[in-house]
Amino acid sequence: MLILLPPSEGKTPADAGAPVDLAKLQFPELSQARQEVLEALAAVSAQKNALSHLGVGASLAHEVVRNTRLDLEPAAPAHSIYSGVLYDALGYGTMTPTQKRKADDAVVVVSGLWGAVGFADSIPAYRLSMSVGLPGVGKLASYWKPKLGSALSSHVQGHLLVDCRSSTYLAAWAPDPARTVAVNVFTERDGTRKVVSHFAKHTRGELARHLLTRRGKAPETPAQLAKAAEEKWAVELVAGSARKAHTLNIILAG
């Protein structure tokens, strides 16, 4: 089983540490592409219109300035850099050593800057969304799609993929639908369902934690995943097709 996560918008900068070494990140075949995006991001972040180009407000100007020197910034494991609702719910810091090793092996974060990284990969804090376009690179989702397809295909072969990515990051790579289960979260009240956003992030983080910390064998099929999720939630599994992944709907009380 592998768990695909989106990055958090906010990041927790490392206090100290060596800068990122692209060759040491998981999926080293992406190193050249990562370098291209790093350089394009640094150039854009140094421009007067950097905030509007990157789609952020003035309160995040210091994060945009940091983008200009990411090759010098201290790096730390991705699980400590990424923060926010989903990652708080996943709670890596409160896991046992065995559970942390399992998370390091199972979690892949799809990123606008790095393409994809492992949970233990050492990276700096940065500000860049997959929805952004960069000069010389173009729209990041389009840029990464063929590269991720090539780099990740052998890594994910034979694994069940629990896809907790948001729509922006889904566009960057479409894995084999037969082995992929997308996770949706709804609230239900008086028979009426509503799609949720904040609670979706939180629940996806809780699902990731449950799968990484529960006893027993990791799920290997969509049906086994649904059974594992039923240990904590009301769920329904919607079968996929030749072109569409299976869907696990988690239903929360409204």
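First things first, this report covers the structure right here in the doc. (Residues numbered from 1 in each chain as written. Predicted model: local features only at pLDDT ≥ 70, side-chain atom pairs only at ≥ 80, totals over all residues. Heavy atoms only, no water.)

Turning our eyes to something else, we now look at the side chain of serine 31. Along the polypeptide, serine 31 turns up in helix α1 (residues 31–45). A distance of 3.3 Å separates a polar atom in the side chain of serine 31 from the backbone oxygen of leucine 22. If we skip the residues at most four places from it in the chain, serine 31 touches Leu22 and Ala23. (Helix = DSSP H or I, 4+ residues; strand = E, 2+ residues; numbered from the N terminus. Polar contact = N/O pair within 3.5 Å; in protein donor to acceptor, adjacent residues only side chain to side chain. Contact = heavy atoms within 4.5 Å.)

All of the buried residues along helix α6 (residues 97–106) are Gln99, Ala103 and Ala106. For α6, the angular spread of buried residues about the axis comes to 75°, placing them on one side. Turned more than 90 degrees away from the buried face of α6, the exposed residues are Pro97, Thr98, Arg101 and Asp105. On the buried face of α6, the contacting elements are β1 (2–5), β3 (107–111) and α9 (198–213). (Buried < 20%, exposed > 50% of the residue type's maximum accessible area, 1.4 Å probe, protein only. Arc of directions from axis to C-beta.)

Here we take up the packing of α1 against helix α7 (residues 140–156). Running from amino to carboxyl end, α1 crosses α7 at an angle of 170°, the nearest separation of the two axes being 11 Å. On the basis of their axis angle, the class for α1 and α7 is roughly antiparallel. In this structure, α1 contributes Ala33, Arg34, Glu36 and Val37 to the contact, and α7 contributes Leu140, Tyr143, Trp144 and Lys147. Its residues assigned to classes, the contact of α1 with α7 shows 5 nonpolar, no polar and 3 charged. (Axes fitted to C-alpha atoms, helices over the stretch in contact; angles between N-to-C directions. Parallel < 35°, antiparallel > 145°, perpendicular 65-115°, else oblique. Nonpolar A, V, L, I, M, F, W, Y, C, P; charged D, E, K, R; others polar.)

What follows is about the pattern of salt bridges. According to the stated counting rule, one finds 8 salt bridges in the structure shown. Here the residues in one salt-bridge network are Arg66, Arg69 and Glu73, joined through shared partners. (Salt bridge = Lys/Arg side-chain N within 4 Å of Asp/Glu carboxyl O.)

By themselves these figures say nothing about function.
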